[in-house]
Amino acid sequence: SAIQRLTPQSVAISFEVPEEMREEFSYVPGQYITVKVDINGKKENRAYSLCSSPFTGEAPTIGVKQTENGLVSTFLNTKLNVGDILQVMKPMGNFSLQVQPESSRNIVLIGGGSGITPLLSIAKSVLIKEPHSTVSLIYGNRDKDSIMFIDALQELQEKFPSFSVIHVLEHGASEYQGILSESVLEE
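Residue numbers here run from 1 along each chain, matching the order of that chain's written sequence. Owing to the predicted nature of the model, reporting of local features is limited to residues with pLDDT of at least 70; listing and counting of side-chain atom pairs is limited to 80 or more, with chain, interface and lining totals taken over all residues. Values shown for side chains rest on all heavy atoms present in the structure; no hydrogens or waters enter the calculation.

Points about the pattern of salt bridges
By definition here, a salt bridge exists when the distance from a side-chain nitrogen of Lys or Arg to a carboxyl oxygen of Asp or Glu is within 4 Å. Using the criterion set out here, one finds 5 salt bridges in the structure. Ionic pairing is found between Glu19 and Arg22, a salt bridge with its closest N-O pair at 2.9 Å. Burial status follows relative accessibility: with a 1.4 Å probe on protein chains alone, a residue under 20% of its type maximum counts as buried, one over 50% as exposed, and anything between as partly exposed. By relative accessible area, Glu19 is classed as exposed at 58%. Classification of Arg22 by relative accessible area gives partly exposed; the value is 43%. Among the salt bridges present, the one from Glu130 reaches Arg105, with a minimum N-O distance of 2.4 Å. Of the two residues, Glu130 is situated in the loop between helix H2 (116-129) and strand E8 (134-141) and Arg105 in the loop between strand E6 (87-88) and strand E7 (106-112); the sequence distance between them amounts to 25 residues. On the accessibility criterion, Arg105 (23% relative accessible area) is partly exposed. The network of salt bridges with common partners includes Lys42, Glu44 and Arg46. Counting from the N terminus, the helices are DSSP H or I runs at least four residues long and the strands are E runs at least two residues long.

With respect to the sheet that holds E6
Spatially, the 3 strands line up as an open sheet ordered E4-E3-E6, and their pairing is antiparallel. Two strands in the sheet have a free side with no partner beyond their single neighbour: strand E4 (42-49) and E6. With 8 bridges joining them, strand E3 (residues 32-39) and E4 adopt antiparallel strand pairing. Opposite Val37, over in E4, you have Glu44 as the bridge partner. Strand pairing is defined by DSSP finding a minimum of two bridges between the two strands.

Focus: the confidence of the model for the protein
When pLDDT is averaged along the protein, the result is 91, and 91% of the positions lie at 70 or above. Counting interchain partners and residues more than four positions distant, the pLDDT-below-50 stretch residues 173-187 has 24 contacts. The pLDDT value expresses, per residue, how confident the predictor is, ranging between 0 and 100. Whether two residues touch is decided by their heavy atoms; if any such pair falls within 4.5 Å, the residues are in contact.

Looking at the pairing of strand E5 (residues 61-65)
By the criterion of burial, E5 is predominantly enclosed, with 4 of the 5 residues buried. Relative to E5, strand E2 (residues 10-14) runs antiparallel, the two sharing 5 bridges. Across the sheet, the residue bridging to Val11 is Val64, located in E5.

Here we look at the side chain of Asn141
Mapped onto the elements, Asn141 comes out in strand E8. With relative accessibility at 9%, the residue Asn141 sits in the buried group.

Quick notes on the sheet that holds strand E9 (residues 163-169)
Adjacent strands of a sheet form backbone hydrogen bonds with each other and so pair up, either parallel or antiparallel. With parallel pairing, the 3 strands of this open sheet are ordered in space as E7-E8-E9. The open sheet has two edge strands, E7 and E9, and neither has a second partner. Averaged over neighbouring strand pairs, the angle between their axes works out to 15° when direction is ignored. Of the pairings in the sheet, the one linking E8 to E9 comprises 7 bridges and is parallel in character. Paired with Tyr139 across the two strands is His167, which belongs to E9. Axis geometry follows a simple rule: fit a line to the C-alpha atoms, using only the stretch in contact for helices, then measure angles between N-to-C directions, giving values from 0 to 180 degrees. Contacting E7, E8 and E9, H2 runs over the sheet at an angle of about 160° to E7.

A word on the environment of Ser104
Examined against the element boundaries, Ser104 turns out to sit in the loop between E6 and E7. The exposed category is assigned to Ser104, whose relative accessible area is 59%. When the C-alpha atoms of Ser104 and His132 are compared, they prove to be 4.7 Å apart, with 28 residues separating the residues in sequence. Not counting the four nearest positions on each side in its chain, Ser104 is found in contact with His132 and Ser133.

Okay, structure coming up:
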């Protein structure tokens, strides 16, 4: 239903699920879906974590980073168009978090690159459903231009004071000392 360019090498792909399949495609934060595509006459399957939250009303969405020699990631980043139909398996996986509305937890999420996708789903869900909990994300990337979902993370920080992000970059601005400050992001 939508494709959003996140970085030069990554996209967010949102899916429209037919009404009669919505129950089958319900998910918990952190789960993944398997996408099946036909490339050069051969079926290829790849699993991608959902970065959307089941509590926001947003369409189920995955983040896909194009990898060198990656058949499916290259197809999804360069050939897929809004309106195309993909075969998708129902959500699966145990890397998930059950939200507990009465909880008052301190949750720390650590990830890098495209590993942000399940963590983003978990963070959004906790922030929405656990108003007494805090979420801290430590997120590593090559450089500031490779940070997937940078706008979404900034929006979450602005909307939820209980959410913080520490960006750790392999290559950064000359004054970069291990933690990417907001002043470096604004350059």
